[in-house]
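Per-entry structural report
Listed here are the chains, written in short residue letters.
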Amino acid sequence: MKKKEFKAESKKLLNMMINSIYTNKEIFLRELISNSSDALDKLYFLSSTNGEIKVNKEDLEIKLELDKENRTIKIIDNGIGMTKEELENNLGTIAKSGTELFKEENSDSKNLEIIGQFGVGFYSSFMIAKKVKVLSKSINDDKAYLWESDGVDGYTIDESEKESNGTEITLYLKDNTDDVSYDEYLDTYTIERIVKKYSDYIKYPIKMEIEHEHEDEKTKKIEKHKEVEVLNSRIPIWKKKQKDVKDEEYNDFYTDKFYDYEKPLKVIKSDVEGLTSYNALLFIPSHAPYNYYTKEYEKGLMLYSKGVMIMDKCADLLPDYFSFVKGIVDSEDISLNISRETMQEDRQIKLIAKNIETKVKRELETMLKDDRENYEKFYEAFGEQIKYGIYSSFGMNKELLGDLLLFYSSSEEKLVTLDEYVSRMGDDKLIYYASGETIDKIKMLPSVEDALAKGKEVLFFTNYLDEFVIKTMGGYKEKNFVNVQNSDFDLSSEEEKKELKKKNEDSKELFTSMKEILGDTVKEIRYTNKLKNHPVCLVSEGEVSLEMEKVLNAMPNGENVQANKILEINENHPISKKIQELFENREMDELKNYTKILYGTARLIEGLTIENPTEITNLICDMMSK
Ligand code: ADP
């Protein structure tokens, strides 16, 4: 028969695929075995709807044959087979997935279980084969056909001989090169390993003849005998009991299935029977995927029904704040033709999702309690997502997620939970915190120094979300949060407060003139008694803190949000006497310069920028040269 060209787009795709998509050559076997498994599914389905086709379920199988001499691998099934047209359409056009077509034609094929969905699988055989022959006989045809191709130029289809229905694929291995030896695929151990790795839960037996050697007890001669073995255990790993699976098997399954190079931080197994029945195998990754905090990241769990995948990423099974969870849910209660549209309304899906949420939460809590080191690793990777979960739900999830938060504690010098903080509070009603860029920078903030000197435990917020999160939470276990950089925060005694108030009143005129110099940039200027060594500090009044001002203004399209700033001057510092003198002597120009410098340095201490750095530095240098 005349050689037919692959359709143009097939050819392009084909080359691309052989050379780039699948760098992992061994998956060719997974693809071909999946196709065979589909073909067996289809035949079995046909027999259940068509009385003329008789199939014994036990006879359905996949066979592998290795031929070292001729360097071929055969994959044989006794499934539905392909007619001439089907060979042409299915294997001739890469984009055309016969599986998809079959589904459309048999709209009542509700219970048909199909793995393949993309229509590129078969071509992966050209990664290792220089020539592929497909001998097939359809259950609907008396004639058999042989499809043959070298994968690049095109293919031929000729009439051929085959006794019974099914497909036999022969792969002629590529010649070995200096870099790659294809011979390993002729090795029974390699094939066994690949089948175990990718196709262990294919429900039909995958058989191969394996040669065994053993020593004859009497003659001491090595004897060889061949035996047909079933390579796959046929039970999906998520259906196996946890005690029967090695950690390593879970890890391999995870890295392979979810394309991670690192093993998971935690494996969660959940088998539920009741209102809804399902097996779930979930993983918490040990690091965030590179695109995790972007729009590209798609959350979701694989959804299987009766061992067959029906959806790759079922988003409805996971709440956003647990979007990092990977895994598989297999439930007999899910209909195979569930779609993305009907998913959201599905009662079973909702039930499972609720259970999974609770389960993940509990596992994280256990980890927090019993395996702090790993929990901190988890928190490092996904803590921001947990925070976001509270923030974006306007605090609705605070009960659920609040216990999972960690913050750095000044007294413990490590990350602590809010619960741990509260347990140390005694009679105190307030949870103290301060925000800044780094722990070290926060420690040096004047208001923090004061709080620490007075023996308070202060939580240091270094993540831009932290303050927003606790603001949405409102409080924790009936305790309120207070920012030590806020004007409300005052740990001095009543006596001290009274004394300070008087001093401030006495200096009212001075502060009014200073305020005139600074204009609207500050709301107030006053003395404080909380500063020890620092001459000045800035505090904020109201809801927007200095740190929030920074965050909000750093956002794209961030509106110009300003915290209400109060410039506080250390009443005991020599500088306070100096400005009083200047004011009393009416040296207003000097007072102006001093005020500007004081405000500028206060901003710098808080990590805010100064609008007019040259002016300030010039002023400082002028003063230094005097
Ligand atoms: P996919 O399996 O994703 O649809 P493939 O390129 O692997 O894509 O296969 C294309 C089509 O060829 C399949 O959809 C199926 O209709 C047909 N096919 C492949 N292998 C077999 C087989 N062993 N028996 C019957 N049909 C097959």
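Predicted model, so just to flag it, every value in this text is computed and none were measured. (Residues numbered from 1 in each chain as written. Predicted model: local features only at pLDDT ≥ 70, side-chain atom pairs only at ≥ 80, totals over all residues. Heavy atoms only, no water.)

Now for the pattern of salt bridges. Here the structure, examined in full by the defined rule, presents 38 salt bridges. Put simply, D450 and K454 hold a salt bridge, and the shortest N to O gap is 2.8 Å. Classification of K454 by relative accessible area gives partly exposed; the value is 38%. K503 is the salt-bridge partner of E571, the closest N and O atoms lying 2.8 Å from each other. Residue E571 is found in the loop between strand 22 (564–570) and helix 18 (574–584), and its partner K503 is found in helix 15 (residues 494–506); the two are separated by 68 residues along the sequence. (Salt bridge = Lys/Arg side-chain N within 4 Å of Asp/Glu carboxyl O. Buried < 20%, exposed > 50% of the residue type's maximum accessible area, 1.4 Å probe, protein only. Helix = DSSP H or I, 4+ residues; strand = E, 2+ residues; numbered from the N terminus.)

Now for the sheet that holds strand 1 (residues 62–67). In a beta sheet, neighbouring strands pair by backbone hydrogen bonds and run either parallel or antiparallel. Within the open sheet, the 8 strands sit side by side as 5-4-3-6-2-1-7-8. Their pairing is mixed. Sheet topology places strand 5 (155–160) and strand 8 (222–230) at the edges, where each strand pairs with a single neighbour. On average, each strand axis in the sheet is tilted by 20° relative to the strand beside it, whichever way the strands run. By the bridge criterion, 3 bridges tie strand 1 to strand 7 (residues 206–215) in an arrangement that is parallel. Residue pairing for strand 7: L64 is matched across the bridge by M208. Packing against the sheet, helix 2 (residues 27–49) makes contact with strand 1, strand 2 (72–77), strand 6 (166–173) and strand 7, and its axis sits at approximately 20° to strand 2. Packed on one face of the sheet, helix 5 (residues 188–199) meets strand 1, strand 7 and strand 8 and runs near 135° to strand 7. (Pairing = 2+ DSSP bridges. Axes fitted to C-alpha atoms, helices over the stretch in contact; angles between N-to-C directions. Contact = heavy atoms within 4.5 Å.)

Along helix 6 (residues 247–257), the residues classified as buried are Y250, N251, F253, Y254 and K257. Buried residues along helix 6 cover an arc of 160° about the axis, so they all sit on one side. Those residues of helix 6 that are buried are in contact with strand 9 (266–272), strand 10 (278–284), strand 11 (301–305) and strand 13 (326–330). Two residues or fewer past helix 6, Y259 is found with a positive phi of approximately 50°. (Arc of directions from axis to C-beta.)

Let us now look at the nonpolar core. Grouped together as the largest cluster of nonpolar side chains are 68 residues, with contacts concentrated most on L303, F322, F324 and F378. Taken domain by domain, the makeup of this core includes at least three residues from each of domain 2 (237–375) and domain 3 (405–483). Sequence-distant contacts of F378, defined by excluding residues within four places in its chain, comprise L265, I284, F324, L364, M367, G383 and I386. (Core = buried A, V, L, I, M, F, W, Y, C linked by side-chain atoms within 4.5 Å. Domains from an automatic or database assignment.)

Let us look at the sheet that holds strand 22. Ordered by their spatial adjacency, 3 strands build an open sheet running 20-22-21, and the pairing between neighbours is mixed. Of all the strands in the sheet, the pair left with one neighbour each is strand 20 (524–528) and strand 21 (536–541). On average, adjacent strands in this sheet sit at an angle of 35° to one another, irrespective of strand direction. When strand 20 meets strand 22, the two strands line up parallel, connected through 5 bridges.

Two elements, strand 1 and strand 2, share 6 bridges in a ladder whose sense is antiparallel. Across the sheet, the residue bridging to L66 is I73, located in strand 2.

Let us now look at the packing of helix 16 (residues 508–518) against helix 19 (residues 588–605). Between helix 16 and helix 19, the least distance of the axes is 10 Å, while the angle of their chain directions is 70°. The angle between the axes of helix 16 and helix 19 places the two elements in the roughly perpendicular class. Of the two elements, helix 16 crosses helix 19, and the hand of that crossing is right-handed. Listed contacts from helix 19 to L510, S513, M514, I517 and L518 of helix 16 are M588, L591, K592, T595, K596, L598 and Y599. Of the residues belonging to the contact of helix 16 with helix 19, the class tally is 8 nonpolar, 2 polar and 2 charged. (Parallel < 35°, antiparallel > 145°, perpendicular 65-115°, else oblique. Left-handed = near helix turned anticlockwise from the far one by under 90°. Nonpolar A, V, L, I, M, F, W, Y, C, P; charged D, E, K, R; others polar.)

Turning next to the packing of helix 18 against helix 19. For the pair helix 18 and helix 19, the least separation of the axes is 8 Å and the interaxial angle reads 150°. Considering their axes alone, helix 18 and helix 19 lie roughly antiparallel with respect to each other. Like other packed secondary-structure pairs, helix 18 and helix 19 cross with a definite hand, here left-handed. Only M588, E590, L591, Y594 and L598 of helix 19 make contact with helix 18, whose side of the interface consists of I575, K578, I579, L582 and F583. Here the contact of helix 18 with helix 19 is built from residues that sort into 8 nonpolar, no polar and 2 charged.

The next thing to look at is the packing of aromatic side chains. Taken as a whole and judged by the stated rule, the model has 28 aromatic pairs. Ring plane angle 80° and centroid distance 4.8 Å describe the contact between Y292 and Y293, whose orientation is recorded as edge-to-face. With a relative accessible area of 4%, Y292 lands in the buried category. Overall, the relative accessible area of 41% leaves Y293 in the partly exposed class. Each member of the aromatic cluster is reached from another via a ring pair, and the members are Y292, Y293, Y297, Y321, F322, F324, Y375, F378, Y379 and F382. Positioned above the aromatic ring of Y44, the side-chain terminus of K57 is 4.6 Å from the ring centre. A cation over a ring is seen here: R586 above F583, with NZ or CZ 4.8 Å from the ring centre. (Phe/Tyr/Trp six-rings, centres within 6.5 Å; stacked < 30°, edge-to-face > 60°. Lys NZ or Arg CZ within 6 Å of the ring centre and 35° of its normal.)

Most of strand 16 (residues 430–435) sits inside the fold, with 5 of its 6 residues counted as buried. Pairing analysis gives 4 bridges linking strand 16 to strand 19 (residues 479–483), with the strands arranged parallel. Bridge pairing in strand 19 links Y433 to N483. Bridge count between strand 16 and strand 17 (residues 458–461): 4 bridges; the pairing is parallel. Note on strand 17: the bridge partner recorded for Y433 is L459.

With 18 residues, helix 19 should cover 26 Å at 1.5 Å per step; its first-to-last C-alpha distance of 26 Å lies within 8% of that length. The complete set of buried residues in helix 19 reads E590, L591, Y594, T595, I597, L598, Y599, G600, A602 and R603. Considering only its buried residues, helix 19 is in contact with helix 16, strand 21, strand 22, helix 18 and helix 20 (613–625). Count one or two residues on from helix 19 and you reach G607, which has phi positive near 80°. (Expected span 1.5 Å × (residues − 1).)

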